[in-house]
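Observations on the model geometry
Here is how the chains run, residue by residue.
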Amino acid sequence: MQSRIDWKLIVSPLNDAAPKVRATFIWLLSIMACVLISPVYAEPSITRGLSLEKFGKQIFSDRRFSASGQTSCRSCHKPEFAFSDQRAVSIKDDGTETELSTPALFNMKQKIGFFSLQPVFSLKAAVERCFKRNQSSDGMDIYAVLEGDAGLSRFVIHNFGRVSSDAVYQSVAAYLKTIQTSNSRYDRYRQGELSALTYSEQSGMVLFEQKGCIYCHGGKEMGGMVYSDSIDTSVDRDVQALRLRNLSLTAPYFSDGSARTLSEAIYRMSKRYSATPISQNDLEKIRLFLLSNESSISDFEGPVRYENER
């Protein structure tokens, strides 16, 4: 809205003032007039409706950030499989196989290390490695995608000061940290709700502890904190002990995906590390106990949705 000003009423008292005073005052009035008369336009927010986590979630499903334009992070980390992919090993963007199976992605804030081979201890560094090794996309490739999309580049400049691949790594890491699980029945049992587990599941928990499984698969996450020798069928190597949660969604098992069923995985682990053979009855109790550690998965927007890849 423009303001109407009667300049004669304002300027006339200055007629008797000294020339320098009059000139200075008129100059100040002209500046004030520009402010009052000029319409004010509010620049729309570049980040309206888009947070760092939401930006990272978009990139997680965006195939443009791969060398071929055919794969994204979600190609291997599928939400419906607890962000794993139910393959023994995954297929990288260049068509070759990964060295190890794809791990599930949840409760990443609680992890202290990533990867079984050449581990890193920063989630951002882990994201960067995945882009380079699995998506065949380096910093310049990512820069080119950002530069080619006005909306993405504006967001990155506004939040990071310049267009760079580091903004993508940080944003995806920020999104991954929001992927969290609800309490499982086993969690509730640990919190004092003894009726949360059946008698068979409680028996399986005792057997799990007696056989020493908790040395590698201990704590709230039941694993993910230590490295031990693997029982892969192909190569002996130290691997990070997998977290035993949502196992109904993450078959096949072991770092090479060589155990097709949970029962097979339990049998092979017992045969390798237990001094006494495991009975079928005890194996079933341990299996039921492990399946009590199932929980829903949510991100910053709520329960995980399975939107299409871009």
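Criteria and cut-off values
Residues numbered from 1 in each chain as written. Predicted model: local features only at pLDDT ≥ 70, side-chain atom pairs only at ≥ 80, totals over all residues. Heavy atoms only, no water. pLDDT = per-residue confidence, 0-100. Helix = DSSP H or I, 4+ residues; strand = E, 2+ residues; numbered from the N terminus. Contact = heavy atoms within 4.5 Å. Phe/Tyr/Trp six-rings, centres within 6.5 Å; stacked < 30°, edge-to-face > 60°. Buried < 20%, exposed > 50% of the residue type's maximum accessible area, 1.4 Å probe, protein only. Axes fitted to C-alpha atoms, helices over the stretch in contact; angles between N-to-C directions. Parallel < 35°, antiparallel > 145°, perpendicular 65-115°, else oblique. Left-handed = near helix turned anticlockwise from the far one by under 90°. Nonpolar A, V, L, I, M, F, W, Y, C, P; charged D, E, K, R; others polar. Salt bridge = Lys/Arg side-chain N within 4 Å of Asp/Glu carboxyl O.

For the chain, the average pLDDT comes to 84, and 81% of its residues sit at 70 or higher. Confidence, expressed as mean pLDDT per element, reaches its minimum in the chain at helix α2 (residues 19-37) with 47 and its maximum at helix α11 (residues 280-291) with 98. Every residue in residues 31-47 scores below 50 in pLDDT, and together they form 13 contacts with partners more than four places removed in sequence or on other chains.

Bringing the packing of aromatic side chains into the picture now. A complete count under the given rule lists seven aromatic pairs for this structure. The interplanar angle of 65° and the centroid separation of 5.6 Å between the aromatic rings of Phe60 and Tyr175 together place this pair among those described as edge-to-face. Taken together, the positions of Phe60 in helix α3 (residues 52-60) and Tyr175 in helix α7 (residues 165-176) put the pair 115 residues apart, joining distant regions of the chain. In this pair, the class of Phe60 matches that of Tyr175, namely buried.

A word on the packing of α3 against helix α6 (residues 150-160). One can describe the packing of α3 onto α6 by two numbers: an axis separation of 12 Å at closest approach and a directional angle of 140°. On the basis of the axis angle, α3 is oblique to α6. Seen along the crossing, α3 lies across α6 with a hand that is left-handed. Mapping the contact onto sequence places Leu52, Phe55 and Gln58 in α3 and Leu152, Phe155, Val156 and Phe160 in α6. When its residues are assigned to classes, the contact of α3 with α6 shows six nonpolar, one polar and no charged.

Taken N-terminus to C-terminus, the directions of helix α10 (residues 262-273) and α11 make an angle of 120°; their axes are 10 Å apart at the nearest point. Taken together, the axes of α10 and α11 lie oblique to each other. The two elements α10 and α11 cross, and the hand of that crossing is right-handed. Seen from α10, the contacting residues are Leu262, Ser263, Ile266 and Tyr267; seen from α11, they are Leu283, Ile286, Arg287, Leu290 and Leu291. Each residue belonging to the contact of α10 with α11 can be placed in one class, and the counts come to seven nonpolar, one polar and one charged.

All right, on to the pattern of salt bridges then. Counting across every chain of the model gives 15 salt bridges. Taking the shortest distance from any N to any O, the salt bridge between Lys57 and Glu301 comes out at 2.8 Å. Highlighted residues: Lys57 in helix α3 and Glu301 in the loop between β4 (297-299) and β5 (302-303), separated in sequence by 244 residues. For Lys57, a relative accessible area of 8% gives the class buried. For Glu264, the salt bridge identified is with Arg268, shortest N-O distance 3.5 Å. Separated by four residues within a single helix, Glu264 and Arg268 lie in helix α10, roughly one turn from each other. One connected set of salt bridges, linked through shared partners, spans Asp187, Lys220, Glu221, Arg243 and Arg245.

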